[in-house]
Amino acid sequence: MKKSELRMLIAEYKKIKLKMKKINDGKLQEKLELIEHKYFHETGNSLKSELEKIT
């Protein structure tokens, strides 16, 4: 996966996280889990830990 694709995954993750604050939906939670799994599969690192390093 290219770096640009990873950045798009992170952006989508952040966008869904914001939606989750407003609406707690099971489908959104599933999407978050899929994104986390895909990121871990591609990089070997946890998405949450990577976001903590950035901020």
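**Thoughts on the overall build of the protein**
Line of reasoning, step 1. A count of helices and strands for the protein gives three helices and zero strands.
Line of reasoning, step 2. Counting helices and strands in the order they occur from the N terminus, the protein gives α-α-α.
Line of reasoning, step 3. The C-alpha atoms of the protein give 11 Å as radius of gyration, which agrees with the globular expectation for 55 residues (10 Å, within 12%).
Line of reasoning, step 4. Overall, the C-alpha framework of the protein stretches about 30 × 20 × 20 Å when taken along its three principal axes.
Line of reasoning, step 5. Counting every atom, the protein has about 4600 Å² of accessible surface; 54% of that belongs to carbon and sulfur.
Line of reasoning, step 6. Distance between charge centres in the protein, computed from 14 positive and 9 negative side chains, equals 6 Å.

**Side note on the nonpolar core**
Line of reasoning, step 1. Of all hydrophobic cores here, the largest spans twelve residues; its members are Leu6, Leu9, Ile10, Tyr13, Ile16, Met20, Leu28, Leu32, Ile35, Tyr39, Leu47 and Leu51.
Line of reasoning, step 2. Where this core is concerned, the elements lending two or more residues are α1 (3–22), α2 (26–43) and α3 (47–54).
Line of reasoning, step 3. Of all the elements, α1 adds the most residues to this core, at six residues.
Line of reasoning, step 4. With sequence-adjacent residues up to four places away left out, Leu9 is seen in contact with Met1, Ile35, Lys38 and Tyr39.

**Side note on the environment of Met20**
Line of reasoning, step 1. Here Met20 shows up in helix α1.
Line of reasoning, step 2. Distance from Met20 to Leu32, taken between C-alpha atoms, is 9.7 Å for residues twelve residues apart in sequence.
Line of reasoning, step 3. With residues near it in sequence (within four places) discarded, Met20 still touches Asp25, Leu28, Gln29 and Leu32.

**Examining the confidence of the model for the protein**
Line of reasoning, step 1. Scored by pLDDT, the protein has a mean of 90; 98% of the residues are at 70 or more.
Line of reasoning, step 2. Taking the mean pLDDT of every element in the protein, the minimum, 84, falls on α3 and the maximum, 94, on α2.

Reading the values: the criteria
- Think of each chain on its own: its residues are numbered from 1, step by step along the sequence as written.
- Thresholds applied to this predicted model are a pLDDT of at least 70 for local features of residues and 80 or more for the giving and counting of side-chain atom pairs; totals over whole chains, interfaces and linings are not thresholded and use all residues.
- The basis for every side-chain value is the complete set of non-hydrogen atoms in the structure, without hydrogens or water.
- Secondary structure elements are taken from DSSP: a helix is a run of H or I of four residues or more, a strand is a run of E of two residues or more, and numbering for both begins at the N terminus.
- As a reference, a globule follows 2.2 Å times the number of residues to the power 0.38, and the radius of gyration itself is taken over C-alpha atoms.
- Surface exposure here means Shrake-Rupley accessible area, sampled with a 1.4 Å probe, where a residue is shielded only by the protein chains that are shown.
- Positive charges come from Lys and Arg alone, negative charges from Asp and Glu alone, with His and the N- and C-terminal ends not counted.
- Charged groups are reduced to one reference atom each: NZ for lysine, CZ for arginine, CG for aspartic acid, CD for glutamic acid.
- The term nonpolar core refers to a set of buried residues drawn from Ala, Val, Leu, Ile, Met, Phe, Trp, Tyr and Cys, joined through side-chain atoms within 4.5 Å.
- The classification of residues rests on relative accessible area computed with a 1.4 Å probe and restricted to protein chains. Under 20% of the type maximum is buried, over 50% is exposed, and intermediate values are partly exposed.
- Here, residues are in contact when the closest pair of their heavy atoms is within 4.5 Å.
- For every residue, the pLDDT score states the predictor's confidence, bounded by 0 at the bottom and 100 at the top.

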